[in-house]
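Overview (structure and organization)
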Amino acid sequence: MTETKNRRRAATATATALLAAGLALALAPAAHADSPSAPAPVPAAELAQARGAVQDPAVLDKVGHFFARKGVPPTRQLTIGAAEEARAAGEAAPRLVGDTVPVYVLDPGFVAGTPGAPVATSEFTASKVVAADGQSASVWTVRQGGGWKVVNIASGGDESDYAAKAAGSGGGTAFREPQVNAWYVLRDGRVLPLDDEARRSVGAGGVTLAAYQQLVHQRYGDKLPGSAYDRAGKGGGYEADAAPELAAAPRSGTAPQPGEGPQLAVAPRPAGGGSALPAVTAAAALGATALVGAGAVLRRRGVRRG
């Protein structure tokens, strides 16, 4: 009798274990689908098209003038004349260096905690261009009307440089949290810092993706599109160690008009580095802007404390 009871107990335990394993397997795909995900890659063919837009002679001429003007917008006068500027633009001889890269920016759905939302989404591509005198600039392109169009030139090459840094340090996807000017790399389920701002944000060793989601939800969860904060028109930047209030930033650049060819919103980065998002048509508005208020311009540096 005792042996029979032991067999029954063993059979019951085995059945329970099998049932639990079966439930775990059945639930695992759903749990995985609802957890934060990595950014979707941009096809190589799309990046090639974006790079082709930058190689347009008219665009490179604009970049030459950008270098000749040292990033001063065309709405402001220089001490040199038009002929001297044109000569300097030609002498700049802008050339593309490195790869054209997708630029991933913190995703509003991830901030909100939307199931399955990626940590960041590709909002535009960047191509690094260098002048004969060593100046560098990042030319931004967005997909519009079935093709890629140039929308902005920004001094420096952070976008390409941080993508290369991520690739050279073990791989993963580089992305930016523009509100605190932090660049990270998502690698093996962890968010790791790529610059000083990111190290101040998540520490030198980084955090898990889930912990990072909690962090940005705490920072921006009440500042998403449609929030009272957004409707009040407050937006522009975020100081991580200050009161949770974003600093307003003026819009830079000029909007391309529908039906026109490649348009450049020449927006130099503020002193000390940093950049302004391009002013583009509503259809091509960057999601990074919407994250902290429609129409806001996010800058890498120069964010005042609240």
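Report follows, based on the coordinates. (Residues numbered from 1 in each chain as written. Predicted model: local features only at pLDDT ≥ 70, side-chain atom pairs only at ≥ 80, totals over all residues. Heavy atoms only, no water.)

Observations concerning the overall build of the protein chain
Our working rule: Numbering of helices and strands runs from the N terminus; a helix is a DSSP stretch of H or I covering at least four residues, while a strand is a stretch of E covering at least two. With a 1.4 Å probe rolled over the protein chains alone, any residue whose accessible area is under 20% of its type maximum counts as buried; one over 50% counts as exposed, and the rest are partly exposed. Calculation of accessible area relied on Shrake-Rupley with a 1.4 Å probe; when residues are assessed, cover is drawn exclusively from the protein chains displayed.
Summing up its helical and strand segments, the protein chain has 10 helices and nine strands in all. Relative to its full complement of 306 residues, the protein chain shows a buried share of 45%. When the accessible surface of the protein chain is totalled, it reaches about 14800 Å², and 56% of it is carbon and sulfur.

Re helix α3 (residues 57-68)
Put simply, the rule is: Helix span, expected: 1.5 Å multiplied by one less than the number of residues in the helix. Contacts described as polar in this section are N or O atom pairs within 3.5 Å, which, within protein, must combine one atom able to donate a hydrogen with one able to accept it, while residues neighboring in sequence count only if both atoms come from side chains.
Here α3 spans 16 Å end to end across 12 residues, near enough to the 16 Å set by a 1.5 Å rise per residue. Listed as buried for α3 are V59, V63, G64, F66, F67 and A68. The N-capping residue of α3, defined by a side-chain oxygen 2.7 Å from the backbone nitrogen of A58, is D56.

Topic: the nonpolar core
Nonpolar side chains tend to gather and get buried jointly when the protein is soluble and globular. Condition: Residues belong to a common nonpolar core when they are buried Ala, Val, Leu, Ile, Met, Phe, Trp, Tyr or Cys residues joined through side-chain atoms within 4.5 Å.
In this structure, F110, V119, F175, Y184 and Y212 are the most contacted members of the largest nonpolar core, which totals 22 residues. Counting residues per element, the ones that place at least two in this core are β1 (95-106), α5 (108-112), β6 (182-187), α7 (196-202) and α8 (209-220).

Re the pairing of strand β4 (residues 147-155)
For the record, the criterion: Two strands pair if DSSP finds at least two bridges between them.
The buried count for β4 comes to seven of nine residues, which makes it a mostly enclosed element. Of the strand pairs in this sheet, strand β3 (residues 136-144) and β4 are connected by eight bridges, and their pairing is antiparallel. Bridge assignment links V142 to a residue of β4, and that residue is K149.

Observations concerning the pairing of strand β5 (residues 173-177)
Regular strands place their side chains on alternate faces of the sheet. Of all five residues in β5, four are buried; the element is thus mostly enclosed. With two bridges connecting them, β1 and β5 associate as parallel partners. What sits directly across from V105, in β5, is R176. Relative to β6, β5 is paired through five bridges, and the arrangement is antiparallel. Counted as the bridge partner of R176 is W183 from β6. Connecting β5 to the next strand, β6, in antiparallel fashion are four residues, including N181 with a positive phi near 55°.

Concerning the packing of aromatic side chains
Heads up, the condition is: A pair of Phe, Tyr and Trp rings is counted when the ring centres sit within 6.5 Å of each other, with Trp represented by its six-membered ring. The angle between the planes then sorts it: under 30 degrees is stacked, over 60 is edge-to-face, the rest tilted.
Evaluation of the coordinates by the stated rule reveals seven aromatic pairs. Here the aromatic rings of F175 and Y212 are separated by 5.8 Å at their centres, their planes lie at 65°, and the arrangement is edge-to-face. Of this pair, F175 sits in strand β5 while Y212 sits in helix α8, and the two are 37 residues apart along the sequence. Here the aromatic cluster, defined as three or more aromatic residues joined through ring pairs, consists of F110, F175, Y184 and Y212.

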